[in-house]
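Residues per chain are reported as follows:
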Amino acid sequence: MTVSPVRQRQRKRKGFVERTVTGVGTAVEQTVYSETYARQDGFLQRVDPRAKLGLFALALLVVGLVHDLALLAGLWLLLLGLGLATRLPFKVIALRTLLGVPLFAGVVALPALFLIDGRPLLSIGSLGPVTLAVSDRAILSVTTFLCRVSVSVTLAALLVLTTRWADLLKALRVFRVPDLFIIILGMTYRYVFLLLRLTENLFLGRASRTVGTTSASEQRRWVGASIGTLMSRSLKLSTDVYAAMVARGFSGEVRTLTACRMRDEDWLFVSLGVVLLGLAWLVDLSR
Amino acid sequence: MHIPDGYISPATALAFYGAVLPFWWAAAQRLKRLLSGQLVPALALFSALTFAIMMFNVPVPGGTTAHAVGGTLAAVVLGPWAAVIAVSVALIIQALFFGDGGITAIGANCFILGVALPLTGYGVYRLVSGRSDPLSRRRLLAAGMGAYIGINLAGLLVGLVLGIQPIFWSEDGRALYSPYGLREAVPALLIPHLTIAGAAEVIATVFGLAYVQRAHPELLERRAATPRAARPARRWTPVIVALLALLSPLGLLAGGSAWGEWGSGELAQRVGYVPRGLQKLESLWSAPLSGYTLPWMSPSASFAEQALAYILSAVVGIALIFAATFALRILLRPRQGQQAAAGN
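Nothing here was measured: the structure is a model prediction, and the numbers come from that model. (Residues numbered from 1 in each chain as written. Chains lettered and ligands numbered in written order. Predicted model: local features only at pLDDT ≥ 70, side-chain atom pairs only at ≥ 80, totals over all residues. Heavy atoms only, no water.)

Draft legend 1. Representation of empty space enclosed by the protein within the structure. For the structure on display, the rule yields four cavities of 30 Å³ or more. The space that makes up the largest cavity amounts to roughly 70 Å³. Lining of the largest cavity is provided by T31, S34, E35, V160, T163, R164, W165, L168 and Y189 of chain A together with L96 and F97 of chain B. Elements with a minimum of two residues in the lining of the largest cavity: helix 1 (5-39) and helix 8 (165-174) of chain A together with helix 4 (80-97) of chain B. For the lining of the largest cavity, the element with the highest residue contribution is helix 1 of chain A, accounting for three residues. Per-class residue counts for the lining of the largest cavity are six nonpolar, three polar and two charged. (1 Å grid on protein atoms, 1.4 Å probe; cavity = no way out; pocket = protein on both sides within 12 Å on 5 of 7 lines; lining within 4 Å. Points joined across faces, edges and corners; volume = space filled by probe spheres on them. Helix = DSSP H or I, 4+ residues; strand = E, 2+ residues; numbered from the N terminus. Nonpolar A, V, L, I, M, F, W, Y, C, P; charged D, E, K, R; others polar.)

Below is the structure:
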């Protein structure tokens, strides 16, 4: 198949502008949706964010430590059930965990099937001097890897999808994250969308202005100029934001409202979770 | 290039959290002095900016596109410590709110992309640019070289971190985490970084800096005018510590054990008897990385594997010391009510 140089260049140009616009759009859309789910009424959404964050962090640690495949698979099923019980649409869970993980981590792990030595189970053929064979250890390794990644990603997705970011930030404070970092995280999150919007406009503007083809060096210059523009705008914005903060009485000190209270249900959730995770870990150790 | 959850063992993840905390702390201290009250909005905007730069698709020679990190560019324009915080916050937001990169791996990702990349890139930039004019072409070359070396160092580090997983964390030949050894993981990460990702990073850095030189020279001149507190002794400490950690396997070449570090068995051989108190003490504590090898590593491991075990032991040890010191610092610091953290 031959592609004329002009066509090829056209496709190239379409590539980087459209990909960036799509990327920005997806990021914003995903966050808006996850905020919508986090605002719904559901089991996990009702749990105190501190309890949820602590328990999920512990769960991530236990999932990292567990060796047993059956246990990992069991934990995964439990989490999927939890996701459905908390009224997340099946499509969202499936997209984030069932489809996304095997597609990405699966592609990453596929070559390992042929690279890990062991008792050969399945011989596929030979490529010159190298014989392609799948060994028992390779299958075990790849399955363990995929299971662990799936459980971890499901855990992270459940946390992100059921917690509003403002609550998540509040929860970080309990874990002795300095206020300074929490405020910076919060403000960054706010301005990320503004700058993403600016980026999107820069790229959309270019797409609508450009007719015909442009040279590769022009594209590079333009990308550099957009990065530079974004830089100078955000620096200017930071001065403006600071001036606005000072005008509203900001003196360099960070004050926050902490209005979270753990209810009995939250303590119950934490205790049950810790017992369950501890049991899983003990069972794993005894195997 | 972010490491997702489940790719690295909890021990690796924790060691990286321990390694990255002192850098965050040092960066916060420096920036508090430099930016004073403006610290919060400035760092928030820098972080949001880094986040946005990471979304850029950069056209790379050969027709493909790739994402840039922009760590070196941020270090050159905003300063190295601001870049450390900005890239780290951008990565944390990606992990916590966008599900991009693992939550357990935040420490590793922030250390590699948020500390090693911008600091290395900036170091190379300073080395090559010397005392040249901030608006000269030499600065562009320096930034490009810094960006290329920085991103490749990051790629190499990710390769090494993933590659040691099956060496240290395997069970009867079954890899428990990322299944690729060093022989596969390092080239798999280095080759795209030497080519596509490296090119994207260089293009974003050089063309971005060229634009800032042309359109907003005041940003670069202001940075050049900022007084720098020169403390050579302290600046070299991390380099020396890292060198010592890398040299730690030297001991493998020498026979016997270090003077005065004999176990009771060896002591009996040398002295003829073992003090009873020592025998009792010895049974109290058995170190998790006893003999600086890992309990699950076979005694017949090759020299390279033993050397790696040594380096890892050294890194884990240093990280633990850092973490413990840091924890002590936090615990012993007097609480000044709710507003403790913000500088003025």
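Text resumes after the structure shown.
Draft legend 2. Looking closely at the nonpolar core. Counting residues in each nonpolar core, the largest one holds 159 residues, and the members touching the most others are I3 and F97 of chain B. Beyond its immediate sequence surroundings of up to four residues, F97 of chain B is in contact with V160, W165, L168, L169 and Y189 of chain A together with I92 of chain B. Within the second largest apolar cluster, five residues are counted, among which are I164, F168, W169 and L176 of chain B. (Core = buried A, V, L, I, M, F, W, Y, C linked by side-chain atoms within 4.5 Å. Buried < 20%, exposed > 50% of the residue type's maximum accessible area, 1.4 Å probe, protein only. Contact = heavy atoms within 4.5 Å.)

Draft legend 3. Summary view of the environment of T144 of chain A. Summarising the element assignment, T144 of chain A is placed in helix 7 (residues 136-162). Note on T144 of chain A: relative accessible area 0%, which makes it buried. The spacing of T144 of chain A and L72 of chain A is 72 residues in sequence and 8.3 Å in space, taken between C-alpha atoms. In this structure T144 of chain A touches L69 and L72 of chain A together with R174, A175 and L176 of chain B, once residues within four positions along its chain are discounted. Looking at T144 of chain A, its side chain comes within polar contact range of the main-chain oxygen of L140 of chain A, at 2.6 Å. (Polar contact = N/O pair within 3.5 Å; in protein donor to acceptor, adjacent residues only side chain to side chain.)

Draft legend 4. Focus on helix 3 (residues 71-78) of chain B. All names here are of chain B. Most of helix 3 is tucked away: eight of the eight residues are buried. Along helix 3, the residues that are buried comprise G71, T72, L73, A74, A75, V76, V77 and L78. Looking one or two residues beyond helix 3, the residue adopting positive phi is G79, at roughly 105 degrees.

Draft legend 5. Broad picture of the packing of aromatic side chains. Applying the stated criterion across every chain yields a total of 13 aromatic pairs over all chains. Ring geometry for F16 of chain A versus F203 of chain A: centroids 6.3 Å apart, planes at 75 degrees, classification edge-to-face. Here F16 of chain A, found in helix 1, pairs with F203 of chain A, found in helix 9 (residues 179-209); they are 187 residues apart in sequence, far enough to count as distant. One exposure class covers both F16 of chain A and F203 of chain A, and it is buried. Aromatic side chains F181 of chain A and W24 of chain B sit 6.4 Å apart centroid to centroid with 45 degrees between the ring planes, which places their arrangement in the tilted category. Of the two residues, F181 of chain A sits in helix 9 while W24 of chain B sits in helix 1 (residues 10-35), which places them in two different chains. For the pair shown, F181 of chain A and W24 of chain B are each scored as buried. What links up through ring pairs into an aromatic cluster is the set F16, F203 and W222 of chain A together with F56 of chain B. (Phe/Tyr/Trp six-rings, centres within 6.5 Å; stacked < 30°, edge-to-face > 60°.)

Draft legend 6. Looking closely at a nonpolar patch on the surface. A surface patch of nonpolar side chains, amounting to about 680 Å² of accessible area, comprises L58, L61, L65, V274, W281, L282 and L285 of chain A together with L14 of chain B. Listed by contribution, the elements that provide at least two residues to the nonpolar patch are helix 3 (49-65) and helix 11 (264-286) of chain A. The dominant element in the nonpolar patch, judged by the number of residues it contributes, is helix 11 of chain A, at four residues. Inspection of the secondary structure puts L58 of chain A in helix 3. (Patch = residues over 30% accessible without salt bridge, like charges linked within 9 Å, V, L, I, M, F, W, Y side chains within 5 Å. Areas by Shrake-Rupley, 256 points an atom, 1.4 Å probe, with all protein chains shown as cover. Salt bridge = Lys/Arg side-chain N within 4 Å of Asp/Glu carboxyl O.)

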